Every structure is written in structure tokens, then in C-alpha cells.
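Each chain, letter by letter, is given below.
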Amino acid sequence: MKARTAFLVLLTAGVVGTAAWLVFFSPVLGVRSIEIVGNVTVPGDEIKQRAGVADLHPLATVDLAGVESRVRGIRRLAGAKAERVWPGTLKIEVVERRPVAAVPVGDQVAVVDKQGVVIEVTTTMPTLLPLIKVDRPAEGDPALMAALQVIQVVPGSVAVRVKEVRAGTAEGVTLELSDGRTVIWGGADRPKEKGRILTSLLRRERDATRYDVSSPDVVTLK
């Protein structure tokens with residue numbers, strides 16, 4: 001009886017040991033493919049290379065947090081989530097940064113997202129993005145952040161007409177529209193009121209060239 005019990009214990013230990021070896025050390029359950037989801041402009045091969053996971057590396061021991069951290073190192077990506085899909089796939093879901101404006105920096109133009117993070121630097125001005133002009137074009141600059149906030153809160157009918165945004169300070173944001181009209185927006189406060197008033201004024205007061213909605217309680221035209 002004791003011999004039989006000992007045999008069963010050894011057999012169980014052997015099975016468990018073999019299973020553990022297959023899962024944690026063997027290439028049998030290794031990474032055979034990497035699936036990239038959510039990328040549009042960032043090549044999948046670039047993401048795979050940045051993930052840094054070798055072929056047939058045991059899927060169970062892949063450092064998911066490490067993969068996510070390395071992939072987020074691609075500036076054009078705002079987020080990354082890695083997960084195991086058994087038996088042999090590493091799935092990486094990414095979120096790309098969306099360009100919202102262009103900021104001149106010397107002889108070049110920095111394309112930035114809503115948080116002011118530089119996505120790319122180019123020598124040509126993107127045609128579909130508004131140009132933001134600030135005194136100190138740097139990530140986190142209060143004037144730049146205010147201008148970016150305003151771009152995101154102006155009504156859609158106005159946003160498509162914004163050609164240029166100037167911000168000397170966080171409270172002094174001015175919009176230049178494609179038809180030549182100027183909007184003094186002020187700070188990023190009370191966006192709904194300013195947007196509603198501006199939309200109405202642009203529709204009713206078409207002869208004006210300057211609209212000041214920086215204080216929604218006292219609106220002026222010129």
C-alpha cells in the first residue's frame with residue numbers, strides 16, 4: 001500500500017513538474033504570434049520590435065507590464081495594453097495619439113495631441129490642423145495648454161473654420177478664422193456659454209470682423 005502511495009505521489013509530482021516545464025520553460029507554449037490591435041499610422045512591425053519579446057518565449061513568463069511600458073515609449077502612442085491569448089499569442093492593444101494642432105518651433109512645426117505631447121516634427125505645415133502660436137512653445141506651457149483646451153471645446157461648426165490660435169497667456173486666447181474674422185475667446189472657462197454665444201453671433205452678425213466673447217456677460221463686436 002505504501003509503495004502504491006509513493007508511486008502515485010511520484011507520478012503526480014512528475015505530471016505537475018512536466019506541466020510546469022511545458023508552461024514556464026518550454027517553447028511548446030511559447031509566443032508564436034504577436035497580434036497588434038488599434039494601430040492605424042504606427043506600423044505593427046515597429047510595435048512588435050519595441051515590445052521586445054522573442055519568438056517562442058514562454059507565454060506565461062512574458063512581462064506584460066514591461067511590454068506595455070516599452071510600447072508606450074513610442075511617442076505616437078498614448079496607451080498600450082498587453083495580454084496573453086493561449087496557446088501562443090501575445091495581444092497588444094494600442095491607442096494612438098490624435099493630432100489636434102501644429103506649433104511652430106524655429107524653422108520646423110511640431111504636431112501635438114490634446115495634451116501638448118509632440119507626435120512628430122516636420123518642415124511643412126499640416127493643412128488640416130490649426131496653427132497655435134505661443135511665446136514659449138513647450139510641453140506643459142500654460143498658454144499652450146489653454147489654447148489646446150479651447151480648440152477642443154469650441155463648437156464643431158466653429159472648429160472647422162479655425163485657422164490659427166494665438167495665446168500670449170492662458171487667459172488670452174484668440175482665434176483667427178479661415179474667412180479672416182477674429183474671435184477673442186479669453187481663457188478656457190465657461191466654454192459652453194462662449195460657444196453658444198459665438199455660434200449665434202457668427203450667424204447673425206456677419207458684417208463684424210472681431211467678436212469678443214472673453215466675458216460672456218459683456219460681448220462686444222467690431
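For the structure, check the block above.
Residues numbered from 1 in each chain as written. Predicted model: local features only at pLDDT ≥ 70, side-chain atom pairs only at ≥ 80, totals over all residues. Heavy atoms only, no water.

Enquirer: I'd like a rundown of the side chain of Glu96, residues and numbers included.
Expert: Considering the arrangement of structural elements, one finds Glu96 in strand 3 (residues 89-96). One buried charge, Glu96, has no salt-bridge partner; the nearest side chain with opposite charge is Arg76, at 7.3 Å. Side-chain polar atoms of Glu96 contact the backbone nitrogen of Val40, separated by 2.6 Å. A distance of 2.9 Å separates a polar side-chain atom of Glu96 from the backbone nitrogen of Val42. Beyond its immediate stretch of four places on either side in the chain, Glu96 contacts Gly38, Asn39, Val40, Thr41, Val42, Arg76, Leu77 and Ala78. (Helix = DSSP H or I, 4+ residues; strand = E, 2+ residues; numbered from the N terminus. Buried < 20%, exposed > 50% of the residue type's maximum accessible area, 1.4 Å probe, protein only. Lys, Arg positive; Asp, Glu negative; His and termini not counted. Salt bridge = Lys/Arg side-chain N within 4 Å of Asp/Glu carboxyl O. Polar contact = N/O pair within 3.5 Å; in protein donor to acceptor, adjacent residues only side chain to side chain. Contact = heavy atoms within 4.5 Å.)

Enquirer: Any details on the sheet that holds strand 2 (residues 77-85)? Residues and values, ideally.
Expert: Ordered in space as 1-3-2, the three strands form an open sheet in which the pairing is mixed. A single partner strand is all that each edge strand has here, and the edge strands are strand 1 (33-37) and strand 2. On average, each strand axis in the sheet is tilted by 20° relative to the strand beside it, whichever way the strands run. As judged from the eight bridges shared by strand 2 and strand 3, these two strands associate in the antiparallel manner. Residue pairing for strand 3: Lys81 is matched across the bridge by Glu93. Along the sheet, helix 2 (residues 44-51) contacts strand 1, strand 2 and strand 3; its crossing angle with strand 1, the most-contacted strand, is approximately 120°. The sheet strands contacting helix 3 (residues 64-71) are strand 2 and strand 3, and the helix crosses strand 2 at an angle near 150°. (Pairing = 2+ DSSP bridges. Axes fitted to C-alpha atoms, helices over the stretch in contact; angles between N-to-C directions.)

Enquirer: Which residues make up the nonpolar core, and what values go with them?
Expert: In this structure, Ile132, Val165, Leu175, Trp185 and Leu198 are the most contacted members of the largest nonpolar core, which totals 29 residues. At the level of elements, strand 4 (101-105), strand 7 (131-134), helix 4 (142-153), strand 8 (162-167), strand 9 (173-177), strand 10 (182-186) and helix 6 (191-204) are the ones that each hand at least two residues to this core. It is helix 4 that provides the largest number of residues to this core, a total of seven residues. Counting residues in hydrophobic clusters, the runner-up holds 19 residues, among them Ile34, Ile47, Val67 and Ala82. (Core = buried A, V, L, I, M, F, W, Y, C linked by side-chain atoms within 4.5 Å.)

Enquirer: Describe unusual backbone geometry, with residues and values.
Expert: For the peptide bond that leads from Trp86 to Pro87, omega is 15°, which places it in the cis range. Unusually for a residue other than glycine, Leu56 sits at a positive phi of about 70°. Tracing the sequence through the fold places Leu56 in the loop between helix 2 and helix 3. Residue classification places Leu56 among the partly exposed residues on the basis of a relative accessible area of 37%. In this structure, Arg190 is a non-glycine residue whose phi angle is positive, near 50°.

Enquirer: Now, about the environment of Ala146: what can you tell me, with residues and values included?
Expert: Structurally, Ala146 can be placed in helix 4. A residue is classified by how much of its surface remains accessible, and Ala146, at 4% relative accessible area, is buried. A sequence separation of 42 residues divides Ala146 from Ala188, and the C-alpha atoms of the two residues are 6.0 Å apart. When neighbours within four sequence positions are excluded, Ala146 is seen to be in contact with Ala170 and Val173.

The analysis is restricted to geometry; functional conclusions fall outside its scope.
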